[in-house]
Every structure is written in structure tokens, then in C-alpha cells.
Amino acid sequence: MIQMTVVILTAIGVGGATVLGALIGFLFKNLSHKFSDIILSFAAGVMLAAAVLGLILPSIEYGGDIGIWICIAGIFTGAVFLNFVDKIVPHLHKIMGVDSEPHNNANINKTILFLLAIAIHNLPEGIAAGVGFGSGNITHALFIAGGIALQNIPEGVVIIAPMLAAGISPKRTFLLAVITGFVEVVGTFIGYYAISISQAILPFALAFAGGTMLYVVSDEMMLETHAHGSERAATYSLLLGFCLMLMSDVLLG
């Protein structure tokens, strides 16, 4: 019962972090590309560390003698799954920039396209937060969820300006941010209940969630942050986010 309470509060916290970031984004609507790249890279570093330290390494540990093979299979399955979703669901491929890939979106409302783009990005993060509770280690699970929540704040900040620039009203923009936060709440419960059904899938599920997060970092976040001439600053910001999570893992461990 206590664990379920923690899961519920975690789900709300993970989703609410996106909304908090969006509220901050309304205060700083004219962010430069360089600053956006820096804070988004920081989020990518946090996400990268959460994936490796909180999901992938534990997957190997819980998998026993064949843990490394289960982990590799899970990582690639997660990445391929998200790539499949990325291809079949109409959405804007680049949230912060110009859509560079056709996704059958010519006749779909732009607001819906933003929603789908961010949902594809956020759902695996929520699932990862939920899967983290499968180990039964609350501290470990909160480390993953805390990292996801931490990177959701700058993400929430940087998505506001592009939506407003696309002609979406402030009220609808905020509603969209709330919905994308709710997507993470749903993802958290999906991950948690999937593990609750069968602990046997825990090693694979951890790696699967880690693979989806690695895919998002590489395919979406790093691509975006290195597209406007701020590659060096973005790289150091990513390292800062990664090292912050590394320190947190050591202190909590």
C-alpha cells in the first residue's frame, strides 16, 4: 500500500515537472537557440545517465548469467519499437526546429501534431519511471524518476516558444503541456503494472525502457541541440547533466 502511494506521487511528480517547466517557459518565451540547446542538452545528459545507471546496468545485474544478452536484446527492442512508432504515427519530427521528415501530417491540425510529437517523446520516460519500481528498491526507483523529472523541467521550458510561434494560443499551449505531462503519468502506471504482472520480465523491461530513452536522446535531443552552431556548449551541458546524476547515484548508493 505504501509502495502504491509512492508510485502515485512519483507519477504525479514526473508529469508535473513538465507542467512546471512549461510555466517557466511562459516567463521566458524569447529564448535564444543557444540557450535552448544548452538546457535541452543538460536534460539529455540527465536522461542518458538515468538510462545507463538506473535501467541498463540493473538490467544486467538482475539478468544473472545471461543478463548482458537480455540487456542487449531489450535495448534494441526498445529502440526499434520507438523507431516503429516514430514512423507510423503522424507528428512533427523536430519539436524545436523545422520538420525535416514527412510523416503523413499534411491534413492534421498542427496542435495535434505537437501533442503526438511530445507524447512519443514522453511516454517511454513515464514507462521507465514505472519499470524502476519493479526492482523493489524504492531509492533506486526514485533515482530514475527524479532524473526524469529533472530533465522534464528544461524540456517543458523549451517547448513553449515553438508552439506559440506556430500560432497555437497560450491557453491551448498550456493545455497541451498538461496533456503531455499526463502522458508521463499514464506511462508510469503502464511500466509499474507491466512489472507487477511478472517479475520474470524485469531484466528485459529495464533494458527496454533504457533503450527507448537512449533512442530519444540520440534521435531527437542530440540532433536538435547540435543543429544551431552551439555544439561545444551543448556538449559540456550534457556532460554536466550526466555528472550530476552520477554524483546523485553515488551518494544514494
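Before reading further, recall that the structure is shown in the block above.
Summary of the structure given here. It should be emphasised that the depicted structure is a prediction, and the values quoted were computed from it without experimental measurement.

1. Notes on the nonpolar core
In terms of nonpolar packing, the biggest core is built from 47 residues, with Leu55, Ile148, Met213 and Met221 touching the most fellow members. Elements supplying a minimum of two residues to this core: α1 (2-27), α2 (33-62), α3 (67-88), α4 (110-131), α5 (138-165), α6 (170-197), α7 (202-225) and α8 (231-252). Residues contacting leucine 55, with those up to four places away along its chain left out, are Ala50, Ala128, Ile144, Leu206, Ala207, Ala209, Gly210 and Met213.

2. Remarks on the packing of α5 against α6
For any two helices packed against each other, the geometry comes down to the angle between their axes and how far apart the axes lie. It is at 10 Å that the axes of α5 and α6 come closest, and there the two elements cross at 150°. By the criterion of interaxial angle, the relationship of α5 to α6 is roughly antiparallel. Relative to α6, the crossing made by α5 is right-handed. Contacts from Ile148, Asn152, Ile160, Met163 and Leu164 in α5 reach Pro170, Thr173, Leu176 and Glu184 in α6.

3. Description of the environment of cysteine 71
Here cysteine 71 is to be found in helix α3. Taking the C-alpha atoms as reference points, cysteine 71 and isoleucine 60, separated by 11 residues in sequence, lie 5.8 Å from one another. Apart from residues lying up to four places away in sequence, cysteine 71 is in contact with Ile56, Ser59, Ile60 and Ala207.

4. Some details on the packing of aromatic side chains
A full pass over the atoms with the stated rule returns 5 aromatic pairs. When the ring of phenylalanine 81 is compared with that of phenylalanine 208, the centres are 5.6 Å apart and the planes differ by 45°; the resulting orientation is tilted. In this pair, phenylalanine 81 is assigned in helix α3 and phenylalanine 208 in helix α7, connecting sequence segments 127 residues apart. The exposure class of phenylalanine 81 is partly exposed, given its relative accessible area of 42%. When its relative accessible area of 18% is taken as the criterion, phenylalanine 208 is described as buried. On the basis of an interplanar angle of 70° and a centroid distance of 5.4 Å, the ring pair of tyrosine 192 and tyrosine 193 is categorised as edge-to-face. Take tyrosine 192: its relative accessible area is 10%, and that puts it in the buried class. An aromatic cluster is present here, built from Phe133, Phe189, Tyr192 and Tyr193 joined pairwise through their rings.

5. Points about a nonpolar patch on the surface
Together, Leu23, Phe174, Leu175, Val178 and Ile179 make up an exposed nonpolar region whose accessible area comes to about 380 Å². Relative to the helices and strands, isoleucine 179 resides in helix α6.

6. Some remarks on the side chain of aspartate 37
Along the chain, aspartate 37 falls in helix α2. When near neighbours in sequence (up to four residues on either side) are disregarded, aspartate 37 contacts Glu224, Thr225, His228, Ser230 and Ala234.

7. Digging into the packing of α2 against α8
In contact at an axis separation of 7 Å, α2 and α8 are set at 35° when each is read in the N-to-C sense. Where α2 crosses over α8, the two elements pack in a sense that is right-handed. Between α2, through Lys34, Asp37, Ile38, Ser41, Phe42, Ala44, Gly45, Val46, Leu48, Ala49, Ala50 and Leu53, and α8, the contact on the second element is made entirely by Ala233, Ala234, Ser237, Leu238, Leu240, Gly241, Phe242, Leu244, Met245, Leu246 and Asp249. Partitioned by chemical class, the residues of the contact of α2 with α8 number 16 nonpolar, 4 polar and 3 charged.

8. Notes on the environment of glycine 15
With respect to the helices and strands, the residue glycine 15 is situated in helix α1. Residues glycine 15 and valine 178, spaced 163 residues apart in sequence, show a C-alpha to C-alpha distance of 8.1 Å. Residue contacts for glycine 15: discarding those within four places in its chain leaves Gly181, Glu184 and Val185.

How each quantity is defined
- Residues numbered from 1 in each chain as written.
- Predicted model: local features only at pLDDT ≥ 70, side-chain atom pairs only at ≥ 80, totals over all residues.
- Heavy atoms only, no water.
- Core = buried A, V, L, I, M, F, W, Y, C linked by side-chain atoms within 4.5 Å.
- Buried < 20%, exposed > 50% of the residue type's maximum accessible area, 1.4 Å probe, protein only.
- Helix = DSSP H or I, 4+ residues; strand = E, 2+ residues; numbered from the N terminus.
- Contact = heavy atoms within 4.5 Å.
- Axes fitted to C-alpha atoms, helices over the stretch in contact; angles between N-to-C directions.
- Parallel < 35°, antiparallel > 145°, perpendicular 65-115°, else oblique.
- Left-handed = near helix turned anticlockwise from the far one by under 90°.
- Phe/Tyr/Trp six-rings, centres within 6.5 Å; stacked < 30°, edge-to-face > 60°.
- Patch = residues over 30% accessible without salt bridge, like charges linked within 9 Å, V, L, I, M, F, W, Y side chains within 5 Å.
- Areas by Shrake-Rupley, 256 points an atom, 1.4 Å probe, with all protein chains shown as cover.
- Salt bridge = Lys/Arg side-chain N within 4 Å of Asp/Glu carboxyl O.
- Nonpolar A, V, L, I, M, F, W, Y, C, P; charged D, E, K, R; others polar.

Function cannot be inferred from these measures alone, as they are strictly geometric.
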